[in-house]
Amino acid sequence: MDKTFNPNDAETRIYQAWEDSGAFKPKNDDKAEAFSIVIPPPNVTGRLHIGHALNNTLQDVLVRYKRMLGCSVLWQPGTDHAGIATQMVVERQLAQEGNISRRDMGREAFIKRVWEWKEESGGAIMQQLRRLGATCDWSRERFTLDDGLSKAVLKVFVELHGQGLIYRDKRLVNWDPHFQTAISDLEVENRETQGHFWHFAYPLADGSGELVVATTRPETVLGDSAVAVHPDDERYQHLIGKTIMLPIADVEIPIVADEHADPEQGTGCVKITPAHDFNDFEVGKRHDLAKVNILDSQARLLSEDDGTGGLDRIPAEWRGLDRFEARKKLVAKMDELGLLRAVEDKVIQQPYGDRSGVVIEPWLTDQWYVNAGELAKEAIAAVEDGRTTFHPKTWEKTYFEWMRNIQPWCVSRQLWWGHRIPAWYDEDGNVFVAETAEAAAEQARTRHGKDVPLSQDEDVLDTWFSSALWPFSTLGWPDDTPELVEKFYPTSVLITAFDIIFFWVARMMMQGLHFMKDADGQPQVPFKDVYIHALVRDEKGQKMSKSKGNVIDPLELIDEYGADAVRFTLAAQAGQGRDIRMSKERVEGYRNFGTKLWNAARFAE
């Protein structure tokens, strides 16, 4: 043995020997107990960060331990196609090269270009996981857009639609005006910003007085459908059922009684804009209010009629204005009309797209939805009766809170990279959902008695839709493979972070229980245990962020101190219920411990 321990040389050499020997593959022994873990699939655009390093170290500890116990172990690796992130990477690349935009290229050419990028640069994180020492069965690596997983996605979508659990609806979504797509709550970053509360007077239609409302988004006044007051607020009892004249838009809207209005907040009167606010959308449903949209997909005031009546409320000279320009115009006009009562400085929570950096709009669009409330019932029961257990158990409370208050899940995205929605439309807008274009054409033929032209839905599915199938799609479903039927499903344990309990863990529970049944036809959980690990913070206990400049790069640590030292540091501090404080000094200390072991081995030799 060399006199000095050189981790870079020893680790890469030993790891390669292990991989070449097939040591990471499941043991081919029918009598051996099966143990399986699916890796939380990192984005294909991703680079190993300290959270990945902790997550994969913990999984590796378990699979190595189980191998030593003689189990047949499958650690299933793979990557996620990461719709918006990957599309953004390639679009940026096209711009840097001075090439045409994706819209000029056309869908087919752009998708071809993304696949080329994926083959060349995508999945670098898999090599980085090897450098960390992760002993996945790399021969089974999967990708959420590979042929097998795409087949699973199509089958799930078509079956759920056939069961009435996937449907099309016009609802509010988080809309990113830059990327012009719906995005998930996880892609919305709420930031504290300095804003204002504008207090406006709305005159009663009969001329007998006024109501004062306050808003942080004055431009939405044009989309108001009502003013709400609390049913028990004595100040306004006599006004419930009367109407006000909405300024500028010049339309009459009702005063409704709803508990959403808080008598203690401001004047106790709340403007209700069902097409531009999530809470107002629910109030609108309760009172059957009109959903009046005033914005287009780029968050500008409408310049064309969209059928909601919003265009008629917008002064002709304002049409097409950016939302923030429209805000200035509306405030100035309300002041001119003598209806601006006060402007109050206020720190507000403003939603931003985590990738686009622009303010997100709640926007009314036609999208595809999953009836998550129905699917959640069995997933709640499975945790209640102990078929799946969370560790620490306290996270079950978070899981139940989300699941018992679950909303319909918007699964469509206005992107090109992803699983294209398997729905085709005829010229009258009738929809035909099928796994193939041929099957959709056959449905249309049956309906019309002849061949009719069909066009496929332009949207793709939310990436969480395909990753919700991960525990069983990676094992070969919908085919009855031996790995799926006889050995590794349900998986043994899932190791993940708390922030995706709802986005990923809950959705895997819902889809797994719905589609996977045991020999008696009973729903099967996708995993028996869910281990929620801590956050990795800096040495002072602060959350790591680029803006603070305290991000620790695990690859740099591995280059400097070796993978074993980094893994030992993370594993040694990964006690449940407390976050990990990471510092170079700790890693250096464990590197020195590794050197002692090396020297002891040299002495024994």
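The structure displayed is predicted, hence computed values, not measured ones. (Residues numbered from 1 in each chain as written. Predicted model: local features only at pLDDT ≥ 70, side-chain atom pairs only at ≥ 80, totals over all residues. Heavy atoms only, no water.)

Trainee: It is not clear to me how the overall build of the protein should be interpreted in this structure. Could you clarify?
Mentor: When helices and strands are counted, the protein shows 19 helices and 25 strands. Taking 25 Å as the expected radius of gyration for a compact globule of 605 residues, we find that the protein reaches 28 Å, a close match to that expectation. Expressed as a percentage of its 605 residues, the buried residues of the protein come to 51%. Distance between charge centroids for the protein: 5 Å, based on 71 positive and 96 negative side chains. (Helix = DSSP H or I, 4+ residues; strand = E, 2+ residues; numbered from the N terminus. Rg over C-alpha atoms; globule rule 2.2 N^0.38 Å. Buried < 20%, exposed > 50% of the residue type's maximum accessible area, 1.4 Å probe, protein only. Lys, Arg positive; Asp, Glu negative; His and termini not counted. Charge placed at Lys NZ, Arg CZ, Asp CG, Glu CD.)

Trainee: Which parts of the structure should I look at to understand a nonpolar patch on the surface?
Mentor: On the surface, a cluster of nonpolar side chains totalling about 380 Å² of accessible area is made up of Y65, M68 and L69. For L69, the position within the fold is in the loop between α2 (50-68) and β2 (72-76). Given the relative accessible area of 52%, L69 is considered exposed. (Patch = residues over 30% accessible without salt bridge, like charges linked within 9 Å, V, L, I, M, F, W, Y side chains within 5 Å. Areas by Shrake-Rupley, 256 points an atom, 1.4 Å probe, with all protein chains shown as cover. Salt bridge = Lys/Arg side-chain N within 4 Å of Asp/Glu carboxyl O.)

Trainee: What's the story with the pairing of strand β11 (residues 251-257) in this structure? I'm lost.
Mentor: Consecutive side chains of a regular strand alternate in pointing toward one face of the sheet and then the other. Sheet analysis places strand β9 (residues 226-229) next to β11, joined by three bridges and oriented parallel. Residue pairing across strands places A228 opposite V256, the latter belonging to β11. Pairing of strand β10 (residues 243-246) with β11 involves four bridges; the strand directions are antiparallel. Paired with M245 across the bridge in β11 is E252. With antiparallel pairing between neighbouring strands as the criterion, β10 and β11 make up a hairpin whose turn holds four residues, including I248 at a positive phi of roughly 65°. (Pairing = 2+ DSSP bridges.)

Trainee: Where do I start with the sheet that holds strand β13 (residues 340-353) in this structure?
Mentor: For sheets, the rule is that strands pair by backbone hydrogen bonds, running either parallel or antiparallel. Strand order in the open sheet formed by three strands is β8-β7-β13, and the pairing between neighbours is antiparallel. Two strands lie at the open edges of the sheet, namely β8 (210-215) and β13, each paired on one side alone. On average, each strand axis in the sheet is inclined to that of its neighbour by 20°, with strand direction left out of account. Pairing analysis gives 13 bridges linking strand β7 (residues 188-203) to β13, with the strands arranged antiparallel. Along β13, the bridge assignment pairs N190 with P351. Strands β7 and β13 of the sheet are contacted by helix α9 (residues 323-336), whose axis makes an angle of about 25° with β7. (Axes fitted to C-alpha atoms, helices over the stretch in contact; angles between N-to-C directions. Contact = heavy atoms within 4.5 Å.)

Trainee: What's the story with the sheet that holds strand β6 (residues 181-183) in this structure? I'm lost.
Mentor: As summarised here, the arrangement of the four strands in space is β6-β5-β14-β16, forming an open sheet in which the pairing is antiparallel. Each edge of the open sheet is held by one strand with a lone partner, namely β6 and β16 (409-410). Note: strand β5 (residues 166-176) against β6, three bridges, orientation antiparallel. Opposite N174, over in β6, you have I183 as the bridge partner.

Trainee: Mind showing me how you'd approach the nonpolar core here?
Mentor: In globular proteins that are soluble, nonpolar side chains generally tend to be buried together. Ranked by internal contacts, the top residues of the largest apolar core, which has 100 residues, are W368, Y399, M403, F465, M509 and M582. Broken down by element, the residue count for this core peaks at 11 residues, all from helix α16 (residues 501-515). Ignoring sequence-local partners within four residues, the contact set of M509 consists of A379, A382, V383, T388, Y399, V525, P526 and F527. Counting 39 residues, the second largest nonpolar core, distinct from the first, contains V221, L239, I253 and I314. (Core = buried A, V, L, I, M, F, W, Y, C linked by side-chain atoms within 4.5 Å.)

Trainee: Please clarify how the layout of surface pockets should be interpreted in this entry.
Mentor: To find the voids left in a structure, one rolls a probe of water-molecule size over its atoms. Estimates place the volume of the second largest pocket at around 1100 Å³. Along its surface, the second largest pocket is lined by 40 residues, and F197, T215, T216, R217 and D277 are the ones closest to its centre. Counting only elements with at least two residues in the lining of the second largest pocket, the list comes to β7, β8, β12 (270-272), α8 (278-287), α9, β13 and β14 (361-370). Counting residues per element, the lining of the second largest pocket draws most heavily on β7, which supplies seven residues. Of the residues assigned to the lining of the second largest pocket, the class counts are 13 nonpolar, 17 polar and 10 charged. (1 Å grid on protein atoms, 1.4 Å probe; cavity = no way out; pocket = protein on both sides within 12 Å on 5 of 7 lines; lining within 4 Å. Points joined across faces, edges and corners; volume = space filled by probe spheres on them. Nonpolar A, V, L, I, M, F, W, Y, C, P; charged D, E, K, R; others polar.)

Trainee: Whenever I open this one, the pattern of salt bridges confuses me. Can you help?
Mentor: Between side chains of opposite charge, pairing is possible as soon as their charged atoms come close. Following the criterion strictly, the structure yields 42 salt bridges and no others. Residue E19 pairs with R130 through a salt bridge whose shortest N-O separation is 3.4 Å. A residue pair is termed long-range when its members are at least 10 positions apart, and E19 in helix α1 (residues 7-21) and R130 in helix α6 (residues 124-132) qualify at 111 residues. Judged by relative accessible area, which is 23%, E19 ranks as partly exposed. Connected through shared salt-bridge partners, D60, R64 and R567 make up one network.

Shape is all these values report; function is a separate question.
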